[in-house]
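# Coordinates in review
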Number of protein chains: 2
Amino acid sequence: MKPRGLSLYETIRAEIEGRILSGALKPGEKIPSELELMAHYGCARMTVSKALSALNTAGLLERRKRAGSFVARPRAVSMVLDVPDLGLEIAARGQSYAYRRIAQSIMARADDAHAAQQMGDVGSVLTIEGVHYADGQAIAHEARYVNLAAVPDIASQDFTDTAPGSWLIKHIPWTEAETRITAAAAPRAAAQALGVARGAPCLVIERRTWRGNDSVTFVRQMFLAGTYELIARFGSARAG
Amino acid sequence: MKPRGLSLYETIRAEIEGRILSGALKPGEKIPSELELMAHYGCARMTVSKALSALNTAGLLERRKRAGSFVARPRAVSMVLDVPDLGLEIAARGQSYAYRRIAQSIMARADDAHAAQQMGDVGSVLTIEGVHYADGQAIAHEARYVNLAAVPDIASQDFTDTAPGSWLIKHIPWTEAETRITAAAAPRAAAQALGVARGAPCLVIERRTWRGNDSVTFVRQMFLAGTYELIARFGSARAG
DNA sequence: CAGTGGTCTAGACCACTGA
DNA sequence: CAGTGGTCTAGACCACTGA
C-alpha cells in the first residue's frame, strides 16, 4: 500500500487520510495519539506531528490538547476557485487566444457607477475597454479600471493587443481580492463589441483587488454564455 | 514589530509574508537561505524550515534545491468560494425563502445526459425537480439527482416543500465536490417553471459531490439573472 | 493532575542541481 | 563539487484542558 517515493510523513498522512475518506474513520472519531503513532510507525514524534499538522491544515482533523486528534465533522462548505490568467487558460484548452483594445483613457473617476463605487475616491483612473477572443471568436467584453496612484508604472504600458490583467497579475502584488459572479443580459455596449444581439445571456465576473486600503483595480468581464466556465473544487484527490 | 502570542516560526513566516505582500520582496527575488535565516533569528534550522514550508504551501515561495528560495511569481490565483445553504442565505439577506417540488421519481439513470454522465453508472437515481422562491418570487429552478445506493435513507424523506440539498448537506458526508459555474439561456422546462420567457439569462450552478469513488448527488440550479450572486474572496480575512 | 498537542533544539544524512 | 532544501532523530519544555 505504501507508494514509493513518498517520505515517511507523507506515507503516514496518506494512510490516515485514506481511512478518513473511505469512511473507515468516521467524523468525530478519535485517532491514535502522537505517542501511539510514533510507536506504530517506529519514528520520531516530529514526523508524526508533521503528518497530523498537514491533515489539520487541510481540515480533515481537529486537534485538541489533552483530548487528542479527531476526524473533523464536515463544516461550512468552502470551495477553492482557481482564477488563472485568461490567455493561459484558453491556450491550455487548445484554442488560440487574442485580446484587442477598444478604448483607453484616463479620467478622474470611473465612468461606471458601480466601478466608481467599488474603487472608492482615488485620484485618477485608467480605463481600458477591450475584447477577448478564442479561436478568433469574441468570447468576452472587458471593462477595466486601474487606480493610477497605486500603479503608476501602468501608464507606460501598451495594451493594444495585450490584456491589462496579464500585466497586472505579473507586476502588481495585491493583498486582497473579491470576485463577484452573476449572470446578466448583455447591455448595448458589450453586445455591440461581441457582435451579438442585445440581451444575450452572459456570465459576469467582477473582480476588485486592493493592497492594504488602496484599490488597485476593478474589472468587469462579460462572457457570452457557453464560452467560459468557472470551476470550484473541494477535496483532496481531484486537486489541480 | 513582533505580534505577541505568535510562535517563533509564525513570526518568521509573518515577517517574510509581509515583505512579499508589501512589495519589498519582488516576484523572482531570492530570499536568504535557511542557514542565513537561522543565524538572523538565532534559532534552529527546523524552525526556519517550518516557516518557509508554510509559505511554500501557501504559494508565496518557490524553493529549489541548491538554488534557494524565491518569491513566487503569481500565477493562478486561488480564491475561496463559500457555498452556504440557499435557504439560510436568502433568509440572511432579509427575504422569505420557500421551496416547492415540481416532480419526483426514481429511475435507472438520470434522464439528463449531462447529469447521467457526471454521476456515472449507478444502480438507481432519485430525481427531484423543484423551484426556489425568495419573497414569493421564483428565483431558481433546480434539478437534482441522487445516487440511491449511496444515500438509501433519502427514500423516506419528504421533499414537498423542503429542498433536498438542505437535507443532504446535514446528513450525508462527502469527501469531494466540484462546482461548475456558467451562464445560459433558460431552456423550455426551466423557463416554464420560473414563469419567464424561454431564453432568459440564467446563472447556472452545477455541483457534483462524491465520496471516494461513489457519486452522491448531482444538481443543476438555474438562477434568473439578477436574483443571485456568488462571491469568492482572497485576502487577509481568508483564514476564517 | 496527567495526557495531549505545540513548539523548539542541535544535530544528522541525503538528493538534488546550479555554479 | 558544494550549497541548498527535504527529511528525520531523540530529545526537551511548555500550555492547555479533560478526567
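Just above, that's the structure.
Residues numbered from 1 in each chain as written. Chains lettered and ligands numbered in written order. Predicted model: local features only at pLDDT ≥ 70, side-chain atom pairs only at ≥ 80, totals over all residues. Heavy atoms only, no water.

On to the protein's contact with DNA strand D, then. By nearness alone, 22 residues border DNA strand D, and Leu8 and Arg66 of chain A together with Arg45, Arg63 and Arg66 of chain B come closest of all. Here the atoms of DNA strand D within 4 Å of the protein split so that 58% fall in sugar or phosphate, with bases taking the remainder. Taking Tyr9 of chain A, its main chain carries an N or O atom lying 3.2 Å from a phosphate oxygen of DNA strand D. Ser69 of chain B places a side-chain nitrogen or oxygen 3.1 Å from a phosphate oxygen of DNA strand D. Of all the secondary-structure elements, those providing two or more residues to the surface near DNA strand D are α1 (8-21) and α3 (45-57) of chain A together with α3 (45-57), β2 (61-64) and β3 (68-71) of chain B. Per-element accounting of the surface near DNA strand D gives the leading share, four residues, to α3 of chain A. The residue makeup of the surface near DNA strand D, split by class, is six nonpolar, six polar and ten charged. (Near = heavy atom within 4 Å. Polar contact = N/O pair within 3.5 Å; in protein donor to acceptor, adjacent residues only side chain to side chain. Helix = DSSP H or I, 4+ residues; strand = E, 2+ residues; numbered from the N terminus. Nonpolar A, V, L, I, M, F, W, Y, C, P; charged D, E, K, R; others polar.)

In total, this model carries 18 salt bridges over all chains according to the counting rule given. Here Glu17 of chain A and Arg13 of chain A are joined by a salt bridge, their closest N and O atoms 3.3 Å apart. Linking Glu17 of chain A with Arg13 of chain A, this pair stays in helix α1, spanning four residues, or about one helical turn. Residue classification places Glu17 of chain A among the buried positions, given a relative accessible area of 12%. The partner of Glu229 of chain A in a salt bridge is Arg180 of chain B, and the shortest N-O contact between them spans 2.4 Å. Of this pair, Glu229 of chain A sits in the loop between β10 (214-224) and β11 (230-234) while Arg180 of chain B sits in strand β8 (residues 176-185), on two different chains. Note on Glu229 of chain A: relative accessible area 31%, which makes it partly exposed. (Salt bridge = Lys/Arg side-chain N within 4 Å of Asp/Glu carboxyl O. Buried < 20%, exposed > 50% of the residue type's maximum accessible area, 1.4 Å probe, protein only.)

Moving on, we come to the protein's contact with DNA strand C. Inspection of the region around DNA strand C gives 22 residues, with Arg45 and Arg63 of chain A together with Leu8, Thr47 and Arg66 of chain B positioned closest. Among atoms of DNA strand C positioned within 4 Å of the protein, sugar and phosphate together represent 57%. The separation between a phosphate oxygen of DNA strand C and a polar side-chain atom of Arg63 of chain A is 2.6 Å. Between DNA strand C and the protein, one listed contact pairs a phosphate oxygen with a backbone N or O atom of Tyr9 of chain B at 3.2 Å. Elements that contribute at least two residues to the surface near DNA strand C include exactly α3, β2 (61-64) and β3 (68-71) of chain A together with α1 (8-21) and α3 of chain B. Element by element, the count of residues in the surface near DNA strand C is highest for α3 of chain B, at four residues. Considered class by class, the residues forming the surface near DNA strand C number six nonpolar, six polar and ten charged.

Residues and elements named next belong to chain B. Here α1 is 14 residues long and its end C-alpha atoms lie 20 Å apart, about the 20 Å a rise of 1.5 Å per residue gives. Of the surrounding secondary structure, the elements contacted by the buried residues of α1 are β1 (30-31), α2 (34-41), α3, β2 and β3. In the stretch just after α1, Gly23 is the one whose phi turns positive, near 95 degrees. (Expected span 1.5 Å × (residues − 1). Contact = heavy atoms within 4.5 Å.)

So, on to α3 of chain A. Residues and elements named next belong to chain A. For α3, spanning 13 residues, the distance from its first C-alpha to its last is 18 Å, which sits close to the expected 18 Å at 1.5 Å a residue. Looking only at α3, the buried set comprises Val48, Ser49, Ala51, Leu52 and Leu55. Axial view of α3: buried residues confined to an arc of 165 degrees, hence all on one face. Gly59 occupies a position one or two residues after α3 and carries a positive phi of about 85 degrees. (Arc of directions from axis to C-beta.)

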